[in-house]
2 protein chains.
Amino acid sequence: MRTRPLKVALLGCGVVGSEVARIMTTHADDLAARIGAPVELVGVAVRRPSKVRAGIDPALITTDATALVKRGDIDVVIEVIGGIEPARTLITTAFEHGASVVSANKALLAEDGAALHAAAESQGRDLYYEAAVAGAIPLVRPLRESLAGDKVNRVLGIVNGTTNFILDRMDTSGAGYSEALDEATALGYAEADPTADVEGFDAAAKAAILAGIAFHTRVKIGEVHREGITEVTAADIASARRMGCTVKLLAICERAADGRSVTARVHPAMIPLSHPLASVREAYNAVFVEAEAAGQLMFYGPGAGGAPTASAVLGDLVAVCRNKLGEATGPGESAYTRLPVSPMGEVVTRYHISLDVADKPGVLAQVATVFAEQGVSIDTVRQQSRPDSQETGGEASLVVVTHRAPDAALSATVEALRKLDTVRGVASIMRVEGE
Amino acid sequence: MRTRPLKVALLGCGVVGSEVARIMTTHADDLAARIGAPVELVGVAVRRPSKVRAGIDPALITTDATALVKRGDIDVVIEVIGGIEPARTLITTAFEHGASVVSANKALLAEDGAALHAAAESQGRDLYYEAAVAGAIPLVRPLRESLAGDKVNRVLGIVNGTTNFILDRMDTSGAGYSEALDEATALGYAEADPTADVEGFDAAAKAAILAGIAFHTRVKIGEVHREGITEVTAADIASARRMGCTVKLLAICERAADGRSVTARVHPAMIPLSHPLASVREAYNAVFVEAEAAGQLMFYGPGAGGAPTASAVLGDLVAVCRNKLGEATGPGESAYTRLPVSPMGEVVTRYHISLDVADKPGVLAQVATVFAEQGVSIDTVRQQSRPDSQETGGEASLVVVTHRAPDAALSATVEALRKLDTVRGVASIMRVEGE
């Protein structure tokens, strides 16, 4: 074993960074044995140097991240700052000064992954980012390497713990969205500003990364259709229950049937209770991968949190250090298929539509005609007079579940339904997946 | 991209080998793009050259596997023959002649993995074997690489599809073991000689491989405690049901609580229906991995079959070819902890014991005394007069579930119980896991 240590710089020392530093210290011997050389933490860049950080030598703390990555003797830079800048500049600077990079930065990779990969490659360095998607769950490496000899057709999963926690609470307790969000915030599952999670930005970034790797192409976060969970109501969840389903925020990446394009989307969807994703509780993540030869695989585990994310970061650190010792680099970007990303309208999906309609004969015929005009075939219809039909002036509820159709046709159907006199309101629209 | 192809030799062309050859042909362009050079199948060693093999150039077929691996121009040898010899000699010969090896041979790796790794290392070649454990499910690579910065404490899973199919059938249809085995054979899930599967040899080989990788030590198949499913009865399954459990053949690898030894075992066990492994149906596999930082991860998918196993082989082929082009090697054996393997008696586990006892006062006190003498604490007892108590001369059934205790104490308890006059028979003994 080499005795001269590999030098590591840590950018960011929050929930994840402090765990990375802690494990690097407490498990130093194991890491050295697995890498073939000791690793030494030589600097930790933070914003608030005065904060007490247990177990970290205060002499390592600096506020000058740029100077740290420019030292020239750093073997690996671990970036757990998050966000676009200064992370992007620091990473490219690190490459220019001879370091490889391990990052957990999903937003940056989904925004600018191609440029970062190119920067790594031009300097002969590694860019690893297992921790950017689904925390501790090995997903980037299995897709990049284990399935490198297979053809992935679909990735479908729960990749955001905060929203899964909220939807799970709504499902189990009957709580509304706001109430469940408050509980998630109180328990530390949601941040003070929950926008990135509840509006689906976080999941969309992960979907972009997963789609790019799975289909060997480039997908940017802006190409991912995104709907969050803020408009999911207790009534939607109750509707799902009646159908034997539950509601999950899903990230879905698919290769088109003709193989000539891909799609990536994030939206709430009803899935059958019998589907394995339906039983993913609280803040856990789980991802299905469907590949031509492998069939259907599932990966499950904690999708966030300091220690789980640190586990993924350190796995990458070991790999990158081994590569460095072997004067090799791991797999870089694989985007040779250059498949275009189709818009949401072309995705083939199913809708569950719940309408408040006038409680009188002929309404179903009118509604069915609208579906037929848009070329959307109906799977099931359930029509029910509301118990308060007298008070509401004779109102019934009509629940339609469609067969598979292009999303554009389904969404045009909903627009046309809204214009019918007999349709008093669209109570709930949700896609149905996992069948 | 390099235009000169990497040369691949295939040893064995059965269910897996023929799929490997097929995908290498049909997906040649994708493989080339992902590797950075084309791969060319230059020889296929088989036992029966006269068999028609669709899609394989007859000129590639040879019965002389030794000559094939000795050619000297082979970059990668794929070994899917199985068994100890001639596979072992062919693999070492391949290393000596400059090739890296991708193998699906669990029996050989569990018997002689250390020597094979040493042979690979001494020649600067790769030995990859994702396909040896749990078919298409990425498990070897996640353990070797993704979790390389973490400390794995436990691996628990269903790693044999044949036995899972049989137990699943017994559970869902109430069939006995023989009947379920016949069905598995008829459907192609069990081989004509099912010994390796039903006696747990196949699962034990996988447990040895997983334990070695997970704990960075060496575990040989002979050190794995092994019990098959041939003695699992319909009554055991019914007993499990009454406890809210099902019966699965589990492979369990654990680090001892003091961290100074490991254990590996394969045996049928009752697990609660609420445990995710309980819902693994038919011939699917699923493996839980518990690591210090990552927490609890699960991997699920098809554990056998030609195409899924070929997917794992080809993932390894891509990795090994990339290494070859980069003049690097992947991670070799990591056995630095040199942790000893403790015998089964030291494993801490729980027993479910069902006794046929005399239906008279004082029996429970007698039985409870035996448990106390062995230092085994009882969790629950259920005592029930049998409906045919009159005919059997007054017999009752006594079902005891213990707390956790060393397996040796539990097994000594059962022996002592057998000697009690009031105990007419031990109807069922099974360990309880997954709580």
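Residues numbered from 1 in each chain as written. Chains lettered and ligands numbered in written order. Predicted model: local features only at pLDDT ≥ 70, side-chain atom pairs only at ≥ 80, totals over all residues. Heavy atoms only, no water.

A. Representation of the overall build of chain A within the structure. The helix and strand inventory of chain A stands at 14 helices and 17 strands. The C-alpha radius of gyration computed for chain A amounts to 24 Å, which stays within 12% of the reference 22 Å derived for 435 residues, consistent with globular compactness. A principal-axis box enclosing the C-alpha atoms of chain A has dimensions of 85 × 45 × 35 Å. Across the 435 residues that make up chain A, the buried fraction comes to 58%. Look at the contacts in chain A between residues 6 or more apart in sequence, and 74% of them connect residues 24 or more apart. When the accessible surface of chain A is totalled, it reaches about 16600 Å², and 49% of it is carbon and sulfur. Averaged over its 42 positive side-chain charges, chain A has a centre that lies 3 Å from the centre of its 53 negative ones. (Helix = DSSP H or I, 4+ residues; strand = E, 2+ residues; numbered from the N terminus. Rg over C-alpha atoms; globule rule 2.2 N^0.38 Å. Buried < 20%, exposed > 50% of the residue type's maximum accessible area, 1.4 Å probe, protein only. Contact = heavy atoms within 4.5 Å. Areas by Shrake-Rupley, 256 points an atom, 1.4 Å probe, with all protein chains shown as cover. Lys, Arg positive; Asp, Glu negative; His and termini not counted. Charge placed at Lys NZ, Arg CZ, Asp CG, Glu CD.)

B. Looking closely at the UniProt feature "binding site: NADPH" (unreviewed entry) in chain A. Residue and element names in this part refer to chain A. Per the UniProt entry, the sites bearing "binding site: NADPH" (unreviewed entry) are Lys 106 in this numbering. Tracing the chain through its elements places Lys 106 in helix H5 (residues 106–122). If we ignore the near neighbours within four places in the chain, the residues touching Lys 106 are Ala 132, Asp 202, Ala 205, Lys 206 and Ile 209. (UniProt positions renumbered as here; feature names shortened; annotations may be inferred.)

C. Spatial organisation of the relation of the copies chain B and chain A. Superposing chain B onto chain A requires a rotation of 180° together with a translation of 0.0 Å along the rotation axis, leaving an RMSD of 0.0 Å. Taken together, the rotation and translation describe the operation of a two-fold axis. The position closest to the rotation axis in chain B is occupied by the C-alpha of Phe 299 of chain B, lying 2.4 Å away. A share of 100% of the interface residues of chain B reappears at the interface of chain A, consistent with the copies meeting face to face through the same patch. (Least-squares fit on C-alpha atoms with pLDDT ≥ 70 in both.)

D. Structural detail: the interface of chain B and chain A. Taken together, the contacts link 43 residues of chain B with 43 residues of chain A. On the chain B side of the interface with chain A, the three residues burying the most area are Arg 34, Ser 146 and Tyr 336 of chain B, jointly 16% of the side's total. The interface formed by chain B and chain A contains two salt bridges. In this structure, Arg 141 of chain B and Glu 145 of chain A form a salt bridge, with 3.7 Å as the shortest nitrogen-oxygen distance. Counting across the chain B and chain A interface gives 18 residue pairs in polar contact (both at pLDDT 80 or more). (Buried area = accessible area lost by both parts, 1.4 Å probe. Salt bridge = Lys/Arg side-chain N within 4 Å of Asp/Glu carboxyl O. Polar contact = N/O pair within 3.5 Å; in protein donor to acceptor, adjacent residues only side chain to side chain.)

E. Representation of the environment of Val 381 of chain B in the model. Note that Val 381 of chain B resides in strand S14 (residues 378–385). With residues near it in sequence (within four places) discarded, Val 381 of chain B still touches Leu 364, Leu 398, Val 399 and Val 400 of chain B.

F. Highlighting the pairing of strand S11 (residues 284–291) of chain B. Residue and element names in this part refer to chain B. Of all the eight residues making up S11, six are buried; the element is thus mostly covered by neighbouring parts of the structure. The pairing of S11 with strand S12 (residues 295–302) spans eight bridges and is antiparallel. Its bridge partner lying in S12, Phe 288 is registered against Met 298. The antiparallel hairpin formed by S11 and S12 contains three residues in its connecting segment. (Pairing = 2+ DSSP bridges.)

G. Broad picture of the UniProt feature "binding site: L-homoserine" (unreviewed entry) in chain A. All names here are of chain A. Those places that UniProt annotates as "binding site: L-homoserine" (unreviewed entry) correspond, in this numbering, to Glu 191. Inspection of the secondary structure assignment puts Glu 191 in the loop between helix H8 (177–186) and helix H9 (195–198). In contact with Glu 191, not counting residues within four places along its chain, are Thr 185 and Asp 197.

H. Main features of the nonpolar core. Membership of the largest hydrophobic core comes to 166 residues, with the highest contact counts inside it found for Val 77, Val 152 and Ile 166 of chain A together with Val 77, Val 152 and Ile 166 of chain B. If we ignore the near neighbours within four places in the chain, the residues touching Ile 166 of chain A are Tyr 177, Ala 180, Leu 181, Ala 184, Val 198 and Ile 229 of chain A. (Core = buried A, V, L, I, M, F, W, Y, C linked by side-chain atoms within 4.5 Å.)

I. View of the pattern of salt bridges. Residues and elements named next belong to chain A. On inspection of all chains with the given rule, the structure shows 50 salt bridges over all chains. Arg 265 is the salt-bridge partner of Glu 254, the closest N and O atoms lying 2.9 Å from each other. Here Glu 254, found in strand S9 (residues 245–255), pairs with Arg 265, found in strand S10 (residues 262–272); they are 11 residues apart in sequence, far enough to count as distant. Of the two residues, Glu 254 and Arg 265, neither departs from the other in class, the shared state being buried.

J. How the structure looks around the sheet that holds strand S6 (residues 127–128) of chain A. Residues and elements named next belong to chain A. If you trace the six strands from one edge of the open sheet to the other, you get S3-S2-S1-S4-S5-S6, paired in parallel fashion. Strands with a single pairing partner mark the edges of an open sheet, and in this sheet they are strand S3 (61–62) and S6. In this sheet, strand S5 (residues 100–103) lies alongside strand S4 (residues 76–79) in parallel orientation, the contact comprising four bridges. Bridging from a neighbouring strand, Ile 78 pairs with Val 102 of S5.

K. Up close: unusual backbone geometry. A cis amide bond links Glu 85 of chain A to the next residue, Pro 86 of chain A, at an omega of 5°. Considering the arrangement of structural elements, one finds Pro 86 of chain A in the loop between S4 and helix H4 (87–96). The residue Glu 282 of chain A is not glycine, and still its phi comes out positive at about 50°. Within the secondary structure, Glu 282 of chain A sits in the loop between S10 and strand S11 (284–291). Judged by relative accessible area, which is 32%, Glu 282 of chain A ranks as partly exposed. Positive phi is not limited to glycine here, since Arg 338 of chain B has a value of about 45°. One can find Arg 338 of chain B in the loop between helix H12 (306–325) and strand S13 (348–358).

L. Just helix H11 (residues 234–242) of chain A, in detail. Residues and elements named next belong to chain A. Here H11 has its buried residues at Asp 236, Ile 237, Ser 239 and Ala 240. Buried residues in H11, looked at end-on, bunch into an arc of 160°, giving them a common side. Residues of H11 that are buried in the fold lie against helix H7 (161–173), S9, S10, strand S13 (348–358) and strand S17 (423–432). (Arc of directions from axis to C-beta.)

M. Looking closely at the side chain of His 216 of chain B. On the secondary structure map, His 216 of chain B appears in the loop between helix H10 (201–215) and strand S8 (225–226). Owing to a relative accessible area of 4%, His 216 of chain B belongs among the buried residues under this scheme. A polar contact is formed between the side chain of His 216 of chain B and the side chain of Arg 34 of chain A, at a distance of 3.2 Å. Sequence-distant contacts of His 216 of chain B, defined by excluding residues within four places in its chain, comprise Arg 34 of chain A together with Ala 211, Ser 334, Ala 335, Tyr 336, Thr 337 and Arg 338 of chain B.

N. A look at the sheet that holds strand S5 (residues 100–103) of chain B. All names here are of chain B. Here six strands make up an open sheet; going across it, the order is S3-S2-S1-S4-S5-S6 and the pairing parallel. Each end of this open sheet is capped by a strand with a single partner; those strands are strand S3 (61–62) and strand S6 (127–128). Docked against the sheet, helix H1 (residues 15–26) engages strand S1 (6–11), strand S2 (39–45) and strand S4 (76–79), running at close to 155° with respect to S1. (Axes fitted to C-alpha atoms, helices over the stretch in contact; angles between N-to-C directions.)

O. Broad picture of the pairing of S5 of chain A. Residues and elements named next belong to chain A. Going residue by residue along S5, you find Ser 100 and Val 102 tucked away on one face and Val 101 and Ser 103 tucked away on the opposite face as well. The handedness of the S4 to S5 crossover, carried by H4, is right-handed. Note that S5 and S6 share two bridges and pair parallel. Across the sheet, Val 102 pairs through a bridge with Tyr 128, a residue of S6. Chirality of the crossover, the property in question, places the unit of S5, H5 and S6 among those that are right-handed. (Right-handed = clockwise from strand over helix to strand, strands pointing away.)

P. Molecular detail of the packing of aromatic side chains. Residue and element names in this part refer to chain B. Under the definition given, this model contains five aromatic pairs over all chains. Between Phe 165 and Tyr 189, the aromatic rings sit 4.3 Å apart at their centres with planes inclined by 25°, giving stacked as the arrangement. Within this pair, whereas Phe 165 is found in helix H7 (residues 161–173), its partner Tyr 189 is found in the loop between helix H8 (177–186) and helix H9 (195–198), the two being separated by 24 residues in sequence. The class of Tyr 189 is partly exposed, set by a relative accessible area of 34%. (Phe/Tyr/Trp six-rings, centres within 6.5 Å; stacked < 30°, edge-to-face > 60°.)

Q. Geometry of the domain arrangement of chain A. Residue and element names in this part refer to chain A. One can read the domain layout of chain A as domain 1 (6–135 + 307–325), domain 2 (140–303) and domain 3 (347–432). Using C-alpha coordinates to define each centre, domain 1 is positioned 27 Å away from domain 2. With 19 residues of domain 1 at the interface, the matching set in domain 2 holds 18 residues. Across the domain 1 to domain 2 interface the summed buried area is about 1500 Å²; carbon plus sulfur atoms make up 60%. Among the residues of domain 1 in contact with domain 2, Ala 110, Glu 130 and Val 133 are the three that bury the most area, contributing 34% of the side total. Among the ionic pairs, Lys 106 bridges to Asp 202, the shortest N-O distance being 3.6 Å. The interface formed by domain 1 and domain 2 holds six residue pairs in polar contact (both at pLDDT 80 or more) in total. Listing elements by their share of the side of domain 1 that touches domain 2, those giving two or more residues are H5, S6 and helix H12 (306–325). Grouping the amino acids of the side of domain 1 that touches domain 2 by side-chain chemistry returns 12 nonpolar, three polar and four charged. (Domains from an automatic or database assignment. Nonpolar A, V, L, I, M, F, W, Y, C, P; charged D, E, K, R; others polar.)

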